[in-house]
Amino acid sequence: MNTPILVTGGTGTLGRYVVGRLREKGSEIRVLTRTPRPPADGVTYVAGDLATGDGAAAAVEGIGTIVHLAGTQKGDDVKARHLMAAAARAGAEHVVYISVVGADRTPVKSAIDRAMFGYVAAKRAAEEIVAASGVPYSTLRATQFHELAFQAVAAMAKLPVVFAPGGTSMQPIAADEVAARLVELALGEPQGLVADMGGPRIHSFAGLARSYLRATGRRRPIVSVPAPGAAARAFRAGANLTPEHAVGHQTWEDFLTQRLAI
Ligand SMILES: NC(=O)c1ccc[n+]([C@@H]2O[C@H](COP(=O)([O-])OP(=O)(O)OC[C@H]3O[C@@H](n4cnc5c(N)ncnc54)[C@H](OP(=O)(O)O)[C@@H]3O)[C@@H](O)[C@H]2O)c1
């Protein structure tokens, strides 16, 4: 039976790629969003806010597969709880969830950890909520997207001195490549936690900032400051990296060239 696929976060950076790719495969799409709009190109939009649970029950009605991408800096555990309760009640058959590499190995215990890495703890809690929901699932952990790394270094470069988290590296990946994997998962059988997905190369944060400054013709001193706390220490030890799954193709340099040409 061909039921629509529900995509939460279908209006976001990753979600737009996922929706586009699912449409190419011929899937009907329902997008849950806080800002609904008229239907277009095989995509309908339903109003919902996963932070409160409003609209979740209506969004999952008649849905077999859910791709859960909605996410913000805070409260992804709460969003997952609302969505998964509604999905379980409605008898959903498969939920595909996007998490972040290192969610399982970043200790977030102190107030400092929570202030700086609460996002990672919430992703981990959300993974557990998805796994315990009773709805068959596939969870993919990805490294940071090029798009996010770009936003971060562009914001840092607005200051006269660029402060980079010392000793911390990133392994950025193209959001569209992560989208392709999520679509493959959504159109297949539930697989539980699948292999991590990381970008092709590991860069120091300072190195990302340096290449951005060079590409945009700016000069700024870069000062590396190690962040305090156990979670930051885990990142310095590489918790957010997955060198053994460096499966992404588009490099940071290629992304930068493409992005700055727009
Ligand atoms: N960015 C990264 O580097 C990265 C790496 C690994 C994993 N991820 C995960 O990938 C997912 C997508 O990230 P992204 O960078 O594409 O995010 P994004 O561009 O910021 O988009 C966020 C999406 O979440 C939706 N959303 C936010 N709060 C919501 C709420 N309360 N109720 C319903 N929908 C809500 C937004 O929809 P509306 O505004 O239309 O309501 C939007 O579509 C997130 O779960 C994130 O944790 C991101």
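The structure presented is a predicted model; accordingly, all values stated were derived computationally and were not measured.

Digging into a nonpolar patch on the surface
Turning to step 1, where the next piece is worked out: A cluster of nonpolar side chains, contributed by Leu159, Phe163, Val223 and Val225, occupies part of the molecular surface with about 340 Å² of accessible area.
Turning to step 2, where the next piece is worked out: Residue position: Leu159 is located in the loop between helix 5 (146-156) and strand 7 (162-165).

Some words on the packing of aromatic side chains
Turning to step 1, where the next piece is worked out: In total, this model carries four aromatic pairs according to the counting rule given.
Turning to step 2, where the next piece is worked out: Aromatic pair Phe150 and Tyr212: ring centres 5.5 Å apart, planes at 80°, arrangement edge-to-face. Here Phe150 is found in helix 5, whereas its partner Tyr212 is found in helix 7 (residues 205-215), with 62 residues between them in sequence.
Turning to step 3, where the next piece is worked out: Under the relative-accessibility criterion, Phe150 is labelled buried at 9%.
Turning to step 4, where the next piece is worked out: On the accessibility criterion, Tyr212 (5% relative accessible area) is buried.
Turning to step 5, where the next piece is worked out: Seen in terms of ring centroids, Phe150 and Phe255 are 6.1 Å apart; in terms of plane orientation they differ by 75°. Their pairing is edge-to-face. In this pair, Phe150 is assigned in helix 5 and Phe255 in helix 9 (residues 252-260), connecting sequence segments 105 residues apart.
Turning to step 6, where the next piece is worked out: Classification of Phe255 by relative accessible area gives buried; the value is 7%.
Turning to step 7, where the next piece is worked out: Feature note: the residues Phe150, Tyr212, Trp252 and Phe255 constitute an aromatic cluster, connected by ring pairs.
Turning to step 8, where the next piece is worked out: The ring of Tyr45 carries Arg37 above its face, with NZ or CZ at 5.1 Å from the centroid.

Some thoughts on helix 7
Given 3.6 residues per helical turn, the α-helix brings residues three or four places apart onto the same face.
Turning to step 1, where the next piece is worked out: Among the residues making up helix 7, those that are buried are Phe205, Ala206, Leu208, Ala209, Ser211, Tyr212 and Leu213.
Turning to step 2, where the next piece is worked out: Against helix 5, strand 7, strand 8 (169-170), strand 10 (203-204), strand 11 (222-225) and helix 9 lie the buried residues of helix 7.
Turning to step 3, where the next piece is worked out: Of the residues one or two after helix 7, Gly217 is the one with positive phi, at around 65°.

Each value, and the rule that gives it
Residues numbered from 1 in each chain as written. Predicted model: local features only at pLDDT ≥ 70, side-chain atom pairs only at ≥ 80, totals over all residues. Heavy atoms only, no water. Patch = residues over 30% accessible without salt bridge, like charges linked within 9 Å, V, L, I, M, F, W, Y side chains within 5 Å. Areas by Shrake-Rupley, 256 points an atom, 1.4 Å probe, with all protein chains shown as cover. Salt bridge = Lys/Arg side-chain N within 4 Å of Asp/Glu carboxyl O. Helix = DSSP H or I, 4+ residues; strand = E, 2+ residues; numbered from the N terminus. Phe/Tyr/Trp six-rings, centres within 6.5 Å; stacked < 30°, edge-to-face > 60°. Buried < 20%, exposed > 50% of the residue type's maximum accessible area, 1.4 Å probe, protein only. Lys NZ or Arg CZ within 6 Å of the ring centre and 35° of its normal. Contact = heavy atoms within 4.5 Å.

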